[in-house]
Amino acid sequence: IGDCAFSGCQRLASITLPEQLTKIDYAAFAHCYSLTTVTIGNNVTTIGDYAFYDCTSLTEVTILGKETEIGDTALGYYYISRREDGVVEGFTIYGYTNSTAETYAATDDEITFVALKEDSFILESGPDRSKQRIARWAIQQNLTVHDEEK
């Protein structure tokens with residue numbers, strides 16, 4: 001996804017990134033104020049600088065890749081002033097232990113990291129039929145299914 005591709009999309013609330021996606025470039029989703037959750041697949045090798053910058057409603061990001069390169073203030077930060085960025089309140093990264101997601105989260109005390117189990121699968125919001133189909137597939141693969149709806 002190219003530089004600033006969806007930057008400023010005010011009504012963008014959730015995104016499902018295609019399985020074949022490998023890179024999210026500079027500020028691709030910056031300033032998407034309605035965006036709340038994002039799951040980034042394990043084929044994504046790079047999340048560019050400021051990719052999700054100033055997404056003030058984005059509180060949960062799941063990164064399934066263990067070695068995904070994460071750029072400067074790519075996740076969880078918002079604009080306060082020319083010289084200061086803040087961390088979105090309640091911002092949490094879900095990822096695997098000893099991953100780059102965990103390392104990124106450790107750079108700021110205000111970012112929470114939650115470790116995923118190696119055999120877990122996050123079931124994203126979506127139409128009930130597709131959720132059921134995905135859940136059946138995950139169970140056949142001996143994966144633990146977690147429904148994001150709380």
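Use the structure listed above.
Residues numbered from 1 in each chain as written. Predicted model: local features only at pLDDT ≥ 70, side-chain atom pairs only at ≥ 80, totals over all residues. Heavy atoms only, no water.

Trainee: Before we go on, may I ask you to explain the environment of tyrosine 78 in this structure?
Mentor: Residue placement: tyrosine 78 occurs in strand β7 (residues 77–81). By relative accessible area, which is 26% here, tyrosine 78 ends up partly exposed. Separated by 26 residues in sequence, tyrosine 78 and phenylalanine 52 have C-alpha atoms that sit 9.0 Å apart. Filtering out sequence-adjacent residues up to four positions away, tyrosine 78 remains in contact with Tyr53, Asp54, Thr56, Asp85, Gly86, Val87 and Val88. (Helix = DSSP H or I, 4+ residues; strand = E, 2+ residues; numbered from the N terminus. Buried < 20%, exposed > 50% of the residue type's maximum accessible area, 1.4 Å probe, protein only. Contact = heavy atoms within 4.5 Å.)

Trainee: Hey, could you run me through the nonpolar core in this one?
Mentor: One recurring pattern in soluble globular proteins is that nonpolar side chains are buried together. In this structure, Ile24, Ile40, Ile47, Phe52 and Leu75 are the most contacted members of the largest nonpolar core, which totals 33 residues. Looking at this core, the elements that each hand over two or more residues are β3 (37–40), β5 (60–63) and α1 (100–105). In terms of residue count, the dominant contributor to this core is α1 (three residues). For isoleucine 47, the residues in contact, after removing those within four places along its chain, are Ile24, Ile40, Phe52, Ile63, Thr68, Glu69, Ile70, Gly71, Ala74 and Leu75. (Core = buried A, V, L, I, M, F, W, Y, C linked by side-chain atoms within 4.5 Å.)

Trainee: How should the sheet that holds strand β1 (residues 14–16) be read in this particular structure?
Mentor: For sheets, the rule is that strands pair by backbone hydrogen bonds, running either parallel or antiparallel. Strand order in the open sheet formed by five strands is β1-β3-β5-β9-β10, and the pairing between neighbours is parallel. Whereas interior strands pair on both sides, the edge strands pair on one side only; in this sheet they are β1 and β10 (112–115). This sheet shows a mean twist of 15 degrees between the axes of neighbouring strands, independent of strand direction. When strand β9 (residues 92–95) meets β10, the two strands line up parallel, connected through four bridges. Paired with tyrosine 94 across the two strands is valine 114, which belongs to β10. (Pairing = 2+ DSSP bridges. Axes fitted to C-alpha atoms, helices over the stretch in contact; angles between N-to-C directions.)

Trainee: Could you clarify how one ought to interpret a negative patch on the surface in this entry?
Mentor: The grouping of Asp49, Glu69, Asp72, Glu84 and Asp85 at the surface amounts to a negative patch. For aspartate 72, the location among the structural elements is in the loop between β6 (69–70) and β7. (Patch = residues over 30% accessible without salt bridge, like charges linked within 9 Å, V, L, I, M, F, W, Y side chains within 5 Å. Areas by Shrake-Rupley, 256 points an atom, 1.4 Å probe, with all protein chains shown as cover. Salt bridge = Lys/Arg side-chain N within 4 Å of Asp/Glu carboxyl O. Lys, Arg positive; Asp, Glu negative; His and termini not counted. Charge placed at Lys NZ, Arg CZ, Asp CG, Glu CD.)

Trainee: Sorry if this is basic, but what is going on with the sheet that holds β6 here?
Mentor: Ordered in space as β2-β4-β6, the three strands form an open sheet in which the pairing is parallel. Strands with a single pairing partner mark the edges of an open sheet, and in this sheet they are β2 (23–24) and β6. As defined by bridge partners, strand β4 (residues 46–47) adjoins β6 across two bridges and the pair is classed as parallel. Following the sheet pairing, isoleucine 47 is matched in β6 by isoleucine 70.

Trainee: Before we go on, may I ask you to explain the side chain of threonine 92 in this structure?
Mentor: Relative to the helices and strands, threonine 92 resides in strand β9. Judged by relative accessible area, threonine 92 falls into the buried class, the value being 11%. There is a polar contact of 3.2 Å between the side chain of threonine 92 and the backbone oxygen of glycine 90. (Polar contact = N/O pair within 3.5 Å; in protein donor to acceptor, adjacent residues only side chain to side chain.)

Trainee: Could you clarify how one ought to interpret the pairing of β9 in this entry?
Mentor: On any regular strand, side chains alternate: one points to one face of the sheet, the next to the other face. Residues Thr92 and Tyr94 line one face of β9 and the alternating positions Ile93 and Gly95 line the opposite face, and both faces are buried. Summarising the sheet, β5 and β9 pair through three bridges and their orientation is parallel. Bridge pairing in β9 places threonine 62 opposite tyrosine 94.

Geometric descriptors of this kind do not, in isolation, establish any biological role.
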